[in-house]
Structure formats: C-alpha cells, structure tokens
Amino acid sequence: MDKLEVFGARKLKGSVRISGSKNAALPILAASILSNQKIILKNLPNVKDIETMIKLLESIGSVIKYSKKKNSVIIKNKNKLKTFASYNLVKTMRAGILVLGPMLARYGNAKVSTPGGCSIGVRPIDIHLKSLAKLGVNYKIVDGYVYAHSKKKLKGAKIRFPKISVGATENLIIASSMAAGTTVLSNCAIEPEIKDLVNFINCIGGKIKWIGKRTLRIHGVNYFKENEYSIMPDRIEAGTYLIAAAVTEGDLKILGINPNIIKTEIDILKKIGLKIKTEKEIIKILGNKNIKNINLKTSPYPGFPTDLQAQLMVLLCKSKKISIISEEIFENRFMHVAELNRMGAKIKTKGNKAFIEGNTNFRAAELMATDLRASVSLILAALTAKGKTTINRIYHLDRGYEQIEKKLRKIGANIRRVS
Ligand code: EPZ
C-alpha cells in the first residue's frame, strides 16, 4: 500500500495548472453509452475513478482507446452493449450508478449494482429510481443489484426532484435525452459539472435547454452524431490548491480555470482575510497570518461545496477564534477531524456541526486517510507541520487528484510517495 511522506512547514509558491474535472468526466463517460457514433473526450484527469469508469464501459463492450499521455479517450459503442454493471466495479466508484439511465434509454433494461455506502454516508439512490420510474421504468432491488426494465421506449414526463441531488439529476438528464417526447426536470442540481454534461449531450445532438434556474426541458432524440468534447476544469482541485496556498501563507497562481465557477469559494477565502486577484483564467492568492474565523454551512451549488469542507477546516484551524462548519449534505463527513486532532487541532463535533477552536500549530504525525477529500485535508495540515508526516491508505487520494505530489513538489512542497 502506497503512503505519502510530507516534510512540512514550507510555503507554497509558483503556479499550478488545474486538471479536468473528475465529477464532470464521470457522467459524460456514462452518457457515451447513448450513442453508437464515435466520441472523443479531451482534458480527462488521469485519476483512478476515471480508469474505473473506463473499465466499466469496456466490461459492457465499449471499444475505448484511452491515452493517459494525451488525457483523452476515443469511444466507439457501435455494437450492442451489455446492460450489466458489476459490484466489483461500482463498489469503489459510486458514480457507476450513472450507467443505469443510459442503458435503460438505449436498451430498455439494466442490471446495475447499487453503489453501497462509503465513509461519508449511505449514498442512497431512491431519488434516481423513483424519478426513472416516472419515465416508465420498472425496477426491483435484489441482492444488492438494481434490476430495471421498461416495456416500451422511455416516455418523457414532468419530474420534480424531492431533494437536490447531483447524481439523480445526471441520471435523469441522460435517460430523458433518448426518451420519447419531452421531459421537464425541476429542482435540478446546477453544479457546473451538470452544465458540462448538458453541453456534452447537446454537442452530440441532444436537445436540452435550461428554462429556469433549476429547470431543464429535454426533447428526446433517437440518434446522436460523432463529435469531440473537452471536459471542464476541476473546481474542487482548484479550491484545494487555493486553500493549500492560504494555509502555508504562500503565494500561488492557479492556472486554467474560469474564476466565476468558484466565486463562492473565492468570496469565502476573501472574507477570512486572504488576498485574491482574478484574471481571465488565472487566480492569484497571497496567504497571510491573520485568518479570520467564520460560521459556514455546506450547500448545493452555488453554495459552499461539501467537497471543500475538510480542506477549509484545516485553514480555519489557523484562525485565532472559534469557527463553526455545518455539513448539510452528507451525514458522516467529519472523518478527517480525529486525524487532524491527532496533529494538534482542537475540533469538536456535535451532530453535523464541527466547532474549530483555532490557534493550532499542526504537529507531524502518522495518519490514516479515509475518504478522498479528507485525505487531501491531511496533506494540507502536514504541509504546515514541522517534521515528517506519513499518510497511509492514499488510494483514496488517487481516486480524485491527478499527480498531487508532483504538482505540490513543483510549487515547493517536500512530499514523496513511498510504495
Ligand atoms: C456528487 O455525489 C459528487 N460525486 C460528490 O463528490 C459530491 O460531494 C456530491 O455530488 C454533492 O455535491 C460525483 O459527482 C461523482 P448527491 P452524489 O446525489 O451525486 C442524498 C467527491 O468527493 N441522496 O448530490 O452521490 C445523498 O445521500 C464526491 O468527488 C438521496 O437521499 O451526491 C446526499 O445526502 C463525494 N437519494 C444528498 O442527497 C438519492 O437518490 C446529496 O447527494 C441521491 C442522493
């Protein structure tokens, strides 16, 4: 098992280029099942979850040419694909459930493993299933698999999501893109990654339009055309590097992302005292000693993203006063707290609230990573701690951060991977 060794108390300086977004690429890869024409995807991040999704597509018969060097894939789904997604592929990457919608849209049946829980929560799919049922899908869950089928071609419907869900919105966008007639989806999640999915499906011939802030109108089509598409940059990776610069009192330039898609994060960092300047595709951040405290709730876009909650918590440990973070999205997303406290943080949790005392000088320690974003928060703390911190189980990290130690070394961190 690989582990990372970080020799801290170094300021991060220089510039870092943001990779393609894992959470945009995953639904777009799943949506490729809809089409029997060639699809070229560019700016894919080389991370484990993308490899797993590509393995999943190959397991159902997709013909895929994956070039890691060029961060691109060429996908050809000419022949009839299998409509089965196995547990061993879906269990490590919950986005595997996103193949359910396209399989039903194109073939009218699917047997897909339920995602199963993970360290941040139960990860239910009830909204996915109940919404697909409104398009004419019958389903049952037996032995951890969703058995779904529709007697006829999926039929468009008016669907209002009972709760904002990124995955359910994505599954329904993909499924209704090939349903007969028109579908109207309301109370949609509107993360930038969802807009990227809509742009991708439209670029291969879909007919999807935003007709309200959280409302989509989708005219189903029968065929798609060949095209190529470049995945948007990863806003959570960008936010992570902004916080890394802030917590190490560094001076960093983030390249390759439109600052508008992380406006909320930038506004929060400015509110707690960071100096941030933005240009077209560049964000400059200057860290400083005076981090102000803040009370913050995570919420669906355009609110503060739950995927940056652990990272921000590390920065708030540097404030001189108490901060409170309420995690409103997932029921168990404070796994990083115990490890941060072992490094000298003073954080107490009560239900979905974390009380961060601040005034923390992190101490180096031997740590255990738990989930993708918690793992990176341990690195951020280790970057500020004198001495050697070891982080175990970094396979969690490799799911969602491309070449993180290489990118960090390039901006001054002393970090290495030990196999
Ligand atoms: C997506 O997960 C992201 N994953 C998550 O990123 C992200 O944290 C999350 O959206 C919220 O922004 C990908 O895009 C691959 P949800 P998803 O459906 O779709 C409940 C990362 O670190 N819910 O918006 O699973 C659910 O339990 C990952 O990259 C239901 O109750 O999130 C949660 O409490 C972690 N029933 C809330 O909704 C359902 O059918 C939001 O979940 C579906 C969800």
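Predicted model only: the values in this text are computed from it and were never measured. (Residues numbered from 1 in each chain as written. Predicted model: local features only at pLDDT ≥ 70, side-chain atom pairs only at ≥ 80, totals over all residues. Heavy atoms only, no water.)

Glancing now at the site of the ligand. Inspection of the region around the ligand gives 22 residues, with Asp 126, Ser 165, Val 166, Asp 307 and Ile 329 positioned closest. Within the side chain of Asp 126, an N or O atom sits 2.7 Å from a nitrogen atom of the ligand. One of the side-chain N or O atoms of Arg 333 is found 3.4 Å from an oxygen atom in the ligand. Contact with the protein chains covers 86% of the free accessible surface of the ligand, which is 820 Å². The site holding the ligand turns out to be the largest pocket. Of the residues assigned to the shell around the ligand, the class counts are 10 nonpolar, 5 polar and 7 charged. Split by domain, the shell around the ligand shows at least three residues from each of two domains, domain 1 (3–19 + 290–418) and domain 2 (22–230). (Near = heavy atom within 4 Å. Polar contact = N/O pair within 3.5 Å; in protein donor to acceptor, adjacent residues only side chain to side chain. Areas by Shrake-Rupley, 256 points an atom, 1.4 Å probe, with all protein chains shown as cover. 1 Å grid on protein atoms, 1.4 Å probe; cavity = no way out; pocket = protein on both sides within 12 Å on 5 of 7 lines; lining within 4 Å. Sits in = over half its atoms within 2 Å of the grid points. Nonpolar A, V, L, I, M, F, W, Y, C, P; charged D, E, K, R; others polar. Domains from an automatic or database assignment.)

On to the domain arrangement of the chain, then. By a widely used convention, the size of an interface equals the accessible area lost when the partners come together. Per the domain assignment, the segments of the chain are domain 1 (3–19 + 290–418) and domain 2 (22–230). In this complex, domain 1 contributes 19 residues to the contact, which on the side of domain 2 involves 21 residues. Overall, the association of domain 1 and domain 2 removes approximately 1,600 Å² of surface from exposure, summing both partners, and the carbon and sulfur fraction of that is 53%. For domain 1, the biggest contributors to the area lost against domain 2 are Tyr 301, Arg 399 and Glu 402; these three give 42% of the whole. Our enumeration of links across domain 1 and domain 2 arrives at 1 salt bridge. At the boundary of domain 1 and domain 2, one finds 6 residue pairs in polar contact (both at pLDDT 80 or more). Of the residues in the side of domain 1 that touches domain 2, the class split is 7 nonpolar, 4 polar and 8 charged. (Contact = heavy atoms within 4.5 Å. Buried area = accessible area lost by both parts, 1.4 Å probe. Salt bridge = Lys/Arg side-chain N within 4 Å of Asp/Glu carboxyl O.)

Moving on to the layout of surface pockets. Roughly 1,300 Å³ of volume is contained in the largest pocket. As for the largest pocket, its lining consists of 50 residues, of which Arg 123, Val 166, Gly 167, Ile 329 and Phe 330 are closest to the centre. Elements that contribute at least two residues to the lining of the largest pocket include exactly helix 1 (22–31), helix 5 (126–133), helix 6 (166–176), helix 8 (235–247) and helix 12 (372–384). Looking at which domains feed residues into the lining of the largest pocket, each of domain 1 (3–19 + 290–418) and domain 2 (22–230) gives three or more. Taken as a whole, the second largest pocket encloses approximately 300 Å³ of empty space. Considering the residues around the second largest pocket, the lining is formed by 16 residues, among which Val 247, Glu 249, Lys 318, Asn 361 and Thr 384 are closest to the centre. Listing elements by their share of the lining of the second largest pocket, those giving two or more residues are helix 8 and helix 12. (Points joined across faces, edges and corners; volume = space filled by probe spheres on them. Helix = DSSP H or I, 4+ residues; strand = E, 2+ residues; numbered from the N terminus.)

This part covers unusual backbone geometry. With omega at 10°, the peptide bond leading from Tyr 301 into Pro 302 counts as cis. Summarising the element assignment, Pro 302 is placed in the loop between strand 18 (295–297) and helix 10 (309–316). The residue Asn 359 is not glycine, and still its phi comes out positive at about 50°. Summarising the element assignment, Asn 359 is placed in the loop between strand 21 (353–356) and strand 22 (366–368). Phi is positive for Arg 393, close to 60°, though the residue is something other than glycine. Relative to the helices and strands, Arg 393 resides in the loop between strand 23 (387–392) and helix 13 (395–398). Under the relative-accessibility criterion, Arg 393 is labelled partly exposed at 36%. (Buried < 20%, exposed > 50% of the residue type's maximum accessible area, 1.4 Å probe, protein only.)

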